[in-house]
Structures are given as structure tokens and as C-alpha cells.
Amino acid sequence: TYVVVENCIKCKYQDCVEVCPVDCFYEGENFLVINPDECIDCGVCEPECPAEAILPDTEPNLEKWIELNTKYAELWPNITRKGDALADAKDWDGKPGKLAMLSE
Ligand code: SF4
Ligand code: F3S
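Residues numbered from 1 in each chain as written. Chains lettered and ligands numbered in written order. Predicted model: local features only at pLDDT ≥ 70, side-chain atom pairs only at ≥ 80, totals over all residues. Heavy atoms only, no water.

(A) The arrangement of the site of ligand 1 in detail. Taken together, 13 residues surround ligand 1, and among them Cys-20, Cys-39, Cys-42, Gly-43 and Cys-45 come closest. The residue makeup of the shell around ligand 1, split by class, is twelve nonpolar, one polar and no charged. (Near = heavy atom within 4 Å. Nonpolar A, V, L, I, M, F, W, Y, C, P; charged D, E, K, R; others polar.)

(B) Examining the packing of aromatic side chains more closely. Considering all chains together, one arrives at three aromatic pairs under this definition. Measuring from centroid to centroid gives 6.4 Å for Phe-31 and Trp-76, while their planes differ by 85°, and the two rings are edge-to-face. Placement of Phe-31 in the loop between strand E2 (25-27) and strand E3 (32-34) and of Trp-76 in the loop between helix H2 (63-75) and strand E5 (78-79) is noted, with a sequence separation of 45 residues between them. Judged by relative accessible area, Trp-76 falls into the buried class, the value being 10%. On the numbers, 4.3 Å between centres and 15° between planes, the contact of Tyr-72 with Trp-76 is stacked. Assigned by exposure class, Tyr-72 and Trp-76 land together as buried. Sitting over the ring of Trp-92, Lys-95 keeps its end group 5.7 Å from the ring centre. (Phe/Tyr/Trp six-rings, centres within 6.5 Å; stacked < 30°, edge-to-face > 60°. Helix = DSSP H or I, 4+ residues; strand = E, 2+ residues; numbered from the N terminus. Buried < 20%, exposed > 50% of the residue type's maximum accessible area, 1.4 Å probe, protein only. Lys NZ or Arg CZ within 6 Å of the ring centre and 35° of its normal.)

(C) The arrangement of the side chain of Asn-69 in detail. Within the element layout of this structure, Asn-69 appears in helix H2. The exposure class assigned to Asn-69 is buried, which follows from its relative accessible area of 0%. For Asn-69, the side chain forms a polar contact with the main-chain oxygen of Val-4, separated by 2.9 Å. Residues in contact with Asn-69, not counting those within four places in the same chain, are Val-3, Val-4, Val-33, Ile-34 and Pro-36. (Polar contact = N/O pair within 3.5 Å; in protein donor to acceptor, adjacent residues only side chain to side chain. Contact = heavy atoms within 4.5 Å.)

(D) View of the site of ligand 2. In the vicinity of ligand 2, the contacting residues are Val-4, Cys-8, Lys-12, Tyr-13, Gln-14, Asp-15, Cys-16, Leu-32, Cys-49, Pro-50, Ala-51 and Ile-54. Its residues assigned to classes, the shell around ligand 2 shows nine nonpolar, one polar and two charged.

These values are about where atoms sit, not about what they do.
What follows is the structure, given as C-alpha cells:
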């Protein structure tokens, strides 16, 4: 599976949503997640993210993000159409410490 990681927080560009063939993205206020049970591992979303915030779970040290994607995919609504990126997305892109700002 693929997972969304920290740099999506407060950016939420949503280019990923448009390309997913199985619509397995779920939307929070300032972050998106992938439902790992629904992702078919096609990989097309990874290069679409301007924030480089999508990674295959074969990358090291992603346990926390696999856990968060799994958790919020159950709590948040499905998203199938791209909306606008968050207003200050460019300013937040690449900033450290964004996990603390994740809105539930
Ligand atoms: Fe969707 Fe493919 Fe990305 Fe999985 S890897 S979230 S199936 S686009
Ligand atoms: Fe987030 Fe990148 Fe999608 S910033 S909403 S994972 S395009």
C-alpha cells in the first residue's frame, strides 16, 4: 500500500485524489489519508503530489503513518474530486513539525 505522510499536513494539494483508480482517499480538515485496505498499490498518485507526501509503505520508518492512514480512513469521509489546496499551502510545504498541527 501507499500512505500519505507529514508534508501533506497544511498543504492538502489534492492532486492525488484525481488520479486514484479506486477512490481510496479520505479527507480531514488539513490532511488526506489513503485507506491501506483499499489501495491497490498502483503507484500513480505518488508522482502527482507536489509536496512529495505519498510514499510506498516499503520505505523505512513509516509505521506511524501507516497507523494514522488506517485510523483516519475509518473516521473521515471519502473524497473523489479535487478541491482547492489550503490557502497557505506553499508556505507550509517542506516545513518541519507539522504532525503536531494535524486536525482530527
Ligand atoms: Fe490510489 Fe494507486 Fe495511490 Fe493506492 S497507489 S492510493 S490505489 S492511486
Ligand atoms: Fe496531500 Fe499531496 Fe494529496 S499534499 S492531498 S498527498 S497531492
